[in-house]
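Residues per chain are reported as follows:
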Amino acid sequence: MHLVLGTANLGQKYGISNVNNLSNEESLELIKFAYSQGIRHFDTAPDYGVAESLLGRANIADLSNIQLKISKSAGTNIMDIKHSITTSLANIGAVSADTILFHDPEIYFSEEFSRIVDSLLDLGVAKRIGISCYTSEQASDAFNKCNKLTAIQLPENILDRRINKSDSVRLLAESGCSIQIRSIFLQGLLLMKSTEVPKKLEITKPQISRLAKVAEDHGLTILQLCLSYVMQIPWAESIVFGANSINQLSEILEASNKLIEMDWSEFEEIPEPWIDPRNW
């Protein structure tokens, strides 16, 4: 399993706990520090503001593991989709990507979906073509619509274990599909103190408080618990995460080498629909 630095918060506000936006210069330093610490995988998208251009400006020596998403605004028009990809590659300064994901999970509803995937495979700009989804049902349906997909990105964390319970996702992994986990800190919500949780998300306070209590009782940080859970999912190939500072990135990298085994079922999950940031 490898770590992938997400770039949604670089140079812009992203995440419910992100009070101070990273400036462009701070973002560049974060990218360079990540690379110096062995991070070789980066996840970016045109919908992440200036993130792609910041990756390009960082002058990373090895761009072979860049992962990019196709702009949601490209829709199902193959020319617009290809333009999104070539523009992203130009912004980053890469000739190809390791993985290209459809950012819009509902694109598989299109009758053209399978043909679009074939066109991208023929284009030869990525080792893998996949889709970023929100549920195991979406992942299965997309794969059933086009079994040439070889990468699926899904949300999963210690207080949202729906994907880990899904047999369909495990079967996708066993079939050779690369499964990536994102939202491991739930946009920073899981790392917040319960007193800091916004009023609109007060319903999540009991679960957040319980998580903090267990961490304190075991002499651990919440970050350690969150990372330990997702990094021990057997069918996950990679973890996409974000960091708001070099210090936080250092803490994440340190915690990734000190995984804790626990009975994860003792953590009460955040109820639906509040587990999905689209409903915030």
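See the structure above.
The following refers to the structure shown. Small disclaimer: the values here were computed from a predicted structure and weren't measured. (Residues numbered from 1 in each chain as written. Predicted model: local features only at pLDDT ≥ 70, side-chain atom pairs only at ≥ 80, totals over all residues. Heavy atoms only, no water.)

Turning next to unusual backbone geometry. Glu 272 connects to Pro 273 through a cis peptide bond whose omega is 5 degrees. Relative to the assigned elements, Pro 273 resides in the segment after helix H9 (246-255). Within the chain, Asn 59 stands out as a residue other than glycine whose phi angle is a positive 55 degrees. Locating Asn 59 in the fold gives a position in the loop between helix H2 (51-57) and strand S3 (66-70). (Helix = DSSP H or I, 4+ residues; strand = E, 2+ residues; numbered from the N terminus.)

Attention now goes to the pairing of strand S6 (residues 151-155). Extensive coverage of S6 is indicated by the burial of five of its five residues. Of the two faces of S6, the one carrying Ala 151, Gln 153 and Pro 155 and the one carrying Ile 152 and Leu 154 are both buried. When strand S5 (residues 126-132) meets S6, the two strands line up parallel, connected through three bridges. Residue pairing in the sheet places Ser 132 in a bridge with Gln 153 of S6. The sheet contact formed by S6 and strand S7 (residues 178-182) spans five bridges and is parallel. Directly across from Pro 155, in S7, lies its bridge partner Arg 182. With helix H6 (residues 167-174) bridging S6 and the parallel S7, this β-α-β connection has right-handed handedness. (Buried < 20%, exposed > 50% of the residue type's maximum accessible area, 1.4 Å probe, protein only. Pairing = 2+ DSSP bridges. Right-handed = clockwise from strand over helix to strand, strands pointing away.)

Our next topic: the nonpolar core. With 92 residues, the main nonpolar core has Phe 42, Phe 102, Ile 158 and Leu 225 as its most contacted residues. Setting aside chain neighbours within four positions, we find Phe 42 in contact with Val 4, Leu 5, Ile 31, Ala 34, Tyr 35, Leu 55, Ile 60, Asn 65, Ile 66 and Gln 67. (Core = buried A, V, L, I, M, F, W, Y, C linked by side-chain atoms within 4.5 Å. Contact = heavy atoms within 4.5 Å.)

Turning our eyes to something else, we now look at the pattern of salt bridges. In total, this model carries 17 salt bridges according to the counting rule given. Here Asp 98 ties to Arg 128 by a salt bridge, and the two come within 3.0 Å at their closest N and O atoms. Here the residue Asp 98 occupies a position in strand S4 (residues 97-102), and Arg 128 occupies one in strand S5, the gap between them amounting to 30 residues. Its relative accessible area of 18% is what places Arg 128 among the buried residues. By sharing partners, the salt bridges in this structure join Asp 98, Lys 127, Arg 128 and Glu 237 into a single network. (Salt bridge = Lys/Arg side-chain N within 4 Å of Asp/Glu carboxyl O.)

This brings us to empty space enclosed by the protein. Here the structure, examined in full by the defined rule, presents two cavities of 30 Å³ or more. The calculated volume of the largest cavity comes to roughly 60 Å³. Around the largest cavity, the lining residues are His 2, Val 4, His 41, Asn 65, Gln 67, Asp 98, Arg 128, Ser 178, Gln 180, Glu 237 and Ser 238. Elements supplying a minimum of two residues to the lining of the largest cavity: strand S1 (2-6) and S7. Lining of the second largest cavity is provided by Ile 70, Ser 71, Lys 72, Gly 75, Phe 102, His 103, Asp 104 and Ile 107. A breakdown of the residues in the lining of the second largest cavity according to their chemical character gives three nonpolar, three polar and two charged. (1 Å grid on protein atoms, 1.4 Å probe; cavity = no way out; pocket = protein on both sides within 12 Å on 5 of 7 lines; lining within 4 Å. Points joined across faces, edges and corners; volume = space filled by probe spheres on them. Nonpolar A, V, L, I, M, F, W, Y, C, P; charged D, E, K, R; others polar.)

Three or four residues apart is the spacing at which side chains of an α-helix point the same way, because the helix has 3.6 residues per turn. Under the 1.5 Å per step criterion, the end-to-end length of helix H7 (residues 205-217) is 18 Å for 13 residues, consistent within 8% with the ideal 18 Å. Among the residues of H7, Gln 207, Ile 208, Leu 211, Val 214 and Ala 215 are the ones counted as buried. In a view along the axis of H7, the buried residues occupy a sector of 130 degrees, so they form one face of it. Those residues of H7 that are buried are in contact with helix H8 (222-231). A positive phi of about 65 degrees marks Gly 219, the residue just after H7. (Expected span 1.5 Å × (residues − 1). Arc of directions from axis to C-beta.)

All right, on to the side chain of Ser 256 then. Position of Ser 256 relative to the elements: it lies in the segment after H9. By relative accessible area, which is 13% here, Ser 256 ends up buried. Of the polar contacts made by the side chain of Ser 256, one reaches the backbone oxygen of Leu 253; its length is 2.6 Å. Setting aside chain neighbours within four positions, we find Ser 256 in contact with Leu 3, Leu 227 and Met 231. (Polar contact = N/O pair within 3.5 Å; in protein donor to acceptor, adjacent residues only side chain to side chain.)

In space, the eight strands of this closed barrel follow the order S1-S2-S3-S4-S5-S6-S7-S8, with parallel pairing throughout. Averaged over all pairs of adjacent strands, the angle between their axes in this sheet comes to 25 degrees, without regard to strand direction. The sheet contact formed by S4 and S5 spans five bridges and is parallel. Paired with Leu 101 across the strands is Gly 130, a residue of S5. (Axes fitted to C-alpha atoms, helices over the stretch in contact; angles between N-to-C directions.)

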